[in-house]
Amino acid sequence: MKDMVYGSIGLEGFFRIEENQLILGNFTAKDLACRFGTPLFVFSESRIRHNVEKLFRIREAVDCEVKICYAAKANSNLGILRAIKEAGCDVEVNSGGELWKVQKAGFTAEQIIFNGNSKEIWEIENAIEAGIYSIQVDSVYELSLIEQTARRLNKPARVSLRIVPHIKSGTYSGLQTALLTSKFGMMPEEALEAFCDYKNSPYLKLNGIHVHIGSQNPDKRVYSEALEFLVETLLKVKEDVGVDLHHLNLGGGFPVNYLRYGFQEDGFAPSVKRVFASDFEPFDAMVDAWKNLADRAKLLENITLIFEPGRSIIADAGICLTTVRNIKHRSVSTSRPKDTWLLTDAGFNILLSMETYKWYYHLIHAERAGEPHKVPYKLGGPLCDGGDVYFDIEGKERLPDYRFLPEGTRPGDVLALLNCGAYSISQMFQYNGRFLPCVVLLTCNGEVVVIRKRDTFEDLLLNEIC
Ligand SMILES: Cc1ncc(COP(=O)(O)O)c(C=O)c1O
């Protein structure tokens, strides 16, 4: 067994290890945990800015306009949305509720695009009334609904057609969104027909086409394939239908390296490790994609390229602090040594991907961060489900069965789950009557600001009628 020592890990401007303590911004993790209670989500504004700046480097890779629309589904807390807006991003929403939230956060109509595969009429109405940059249309049927709604409101809608390009990414099957077997978008032939049928409608401005290959895509090449597909389709739309498009949307999906500190990689199945350890710069992917276009790049002179990244902006800008609440020692058989189980207060009700996709969040001891992490523990959350554990109960050797922590880790100790910022607090729920956690933002000027207060008993009754 390899000793794991984290002395040198950290993310500039967000966290580091000093005198055995995990330091977040200007505070020890332990202090924050005591002050705000656990589980506690801690976000870093400076990390958000860093991630957004990295994405803006795409502008140096391509020779056309670039619009970065943060995928609000990844984390739609108002404080986070504001920080992302301040960092210079536009925004992508997936429902009328998210549309309302991003407007509250101060995004202007020109900054908003609207996805979703089951839009309701009121959502379409709100998007048209607001005059947003683009409604991404999921089907020919939905296009007809948008046209009727725009006609009724007597206000044209700007739309973009989501096409399913049948590009396979190496990510998990549940995160693949560009295959014909997926539920999203329309087939290329359908899109061409839709352009034909609606090109003269005074109520639709057919501005663009859209693909989204999937989330946590491990291969850069899918971005070359996707751009090539979009450019070929743009040409067909021009030549066969006579419509000049204004934008091409490449979706999101840039990966985050969840094993950046993963000395424990050994326990992963190779295919799983490949997904979690994916690491490439969006800039590099787009350099390749642009080069691959060769002469066809000229066609994009007056086009805006849109991206919808979520995870790559917010995942590593968030850490979840959790306290060990219980301990037990048990062996599965008399011939096997006893495992030490540590039960924390962070379950899949606040980190749903741990259940739906068996996600891996690296764990370190926040108060003994500089010590060797060499003792294997079984880790579980507080929920009443056997599946509320930090490993894969199916035993398929997808994830490590054990987490390594310092010897003698015990109840009361604060641990830190890293890279927890995406698809966590946007998906949390009060299962087992658990209070939803407090969320704080470490601002660029060194302060800690509460951006979501911890639930109270009353919140458990919210909207219930006695
Ligand atoms: C249409 C669309 N765009 C963008 C995203 C954001 O993806 P990611 O967070 O992987 O960047 C998603 C997420 O699944 C999506 O469905």
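Just so it is clear, the structure is predicted and the values come from calculations on it, not from any experiment.

**Topic: the site of the ligand**
Here is step 1 of the chain: Ala71, Ser215, Gly252, Gly310 and Arg311 are the nearest of the 19 residues found near the ligand.
Here is step 2 of the chain: Class assignment of the residues belonging to the shell around the ligand gives a composition of five nonpolar, 10 polar and four charged.

**Things to note about the sheet that holds strand 11 (residues 204-210)**
Here is step 1 of the chain: Strand order in the closed barrel made by the eight strands is 6-7-8-9-10-11-12-13, with parallel pairing throughout. Taking each pair of neighbouring strands and ignoring which way they run, the sheet shows an average axis angle of 30°.
Here is step 2 of the chain: Pairing between strand 11 and strand 12 (residues 247-249): three bridges, direction parallel. Note that in strand 12 the partner of Gly208 across the bridge is His247.
Here is step 3 of the chain: Contacts between helix 8 (residues 188-198) and the sheet are confined to strand 10 (157-162) and strand 11, with strand 11 contributing the most and set at about 165° to the helix.

**A closer look at the packing of helix 8 against helix 9 (residues 221-241)**
Here is step 1 of the chain: Viewed as axis vectors pointing N to C, helix 8 and helix 9 meet at an angle of 40°, and their least axial separation amounts to 10 Å. Regarding the angle of helix 8 to helix 9, the classification is oblique. Between helix 8 and helix 9 lies a crossing of right-handed hand. Together, Pro188, Leu192, Phe195 and Cys196 of helix 8 and Thr233, Lys236, Val237, Asp240 and Val241 of helix 9 make up the contact between the two elements.

**With respect to the domain arrangement of the protein**
Here is step 1 of the chain: Split into domains, the protein comes out as domain 1 (10-44 + 315-461) and domain 2 (45-312).
Here is step 2 of the chain: Averaged C-alpha coordinates put domain 1 and domain 2 at centres separated by 31 Å.
Here is step 3 of the chain: Listed per partner, the contact involves 34 residues of domain 1 and 30 residues of domain 2.
Here is step 4 of the chain: Of all elements in the fold, only strand 5 (40-44), strand 20 (438-442) and strand 21 (448-452) reach the threshold of two or more residues within the side of domain 1 that touches domain 2.
Here is step 5 of the chain: Of the residues assigned to the side of domain 1 that touches domain 2, the class counts are 21 nonpolar, eight polar and five charged.

Reading the values: rules and limits
- Just so you know, the residues in each chain are numbered from 1, in the order the chain's sequence is written.
- Reporting in this predicted model follows two pLDDT cut-offs: at least 70 for local features of residues, and 80 or more for side-chain atom pairs to be given and counted; totals over whole chains, interfaces and linings ignore these cut-offs and use all residues.
- Only the C-beta atom, placed from the backbone, is used; a residue is near a molecule or strand if that atom lies within 6 Å of it.
- Polar here means any residue other than Ala, Val, Leu, Ile, Met, Phe, Trp, Tyr, Cys and Pro, which are nonpolar, and Asp, Glu, Lys and Arg, which are charged; Gly is therefore polar.
- Note: two strands are recorded as paired if DSSP finds a minimum of 2 bridges between them.
- Helix and strand labels come from DSSP, where a helix needs a run of H or I of at least four residues and a strand needs a run of E of at least two; each type is numbered from the N terminus.
- Note on geometry: axes are C-alpha line fits, over the in-contact stretch for helices, and angles between N-to-C directions span 0 to 180 degrees.
- Think of it this way: build a C-beta for each residue from its backbone, and any pair within 7 Å is a contact.
- Any angle from 65 to 115 degrees is called roughly perpendicular, while one under 35 is roughly parallel, one over 145 is roughly antiparallel, and all others are oblique.
- For any helix crossing, the convention is left-handed if the near helix is rotated counterclockwise from the far helix by under a right angle, and right-handed if that rotation is clockwise.
- Each domain's extent is set by a domain assignment, obtained either automatically or from a database.

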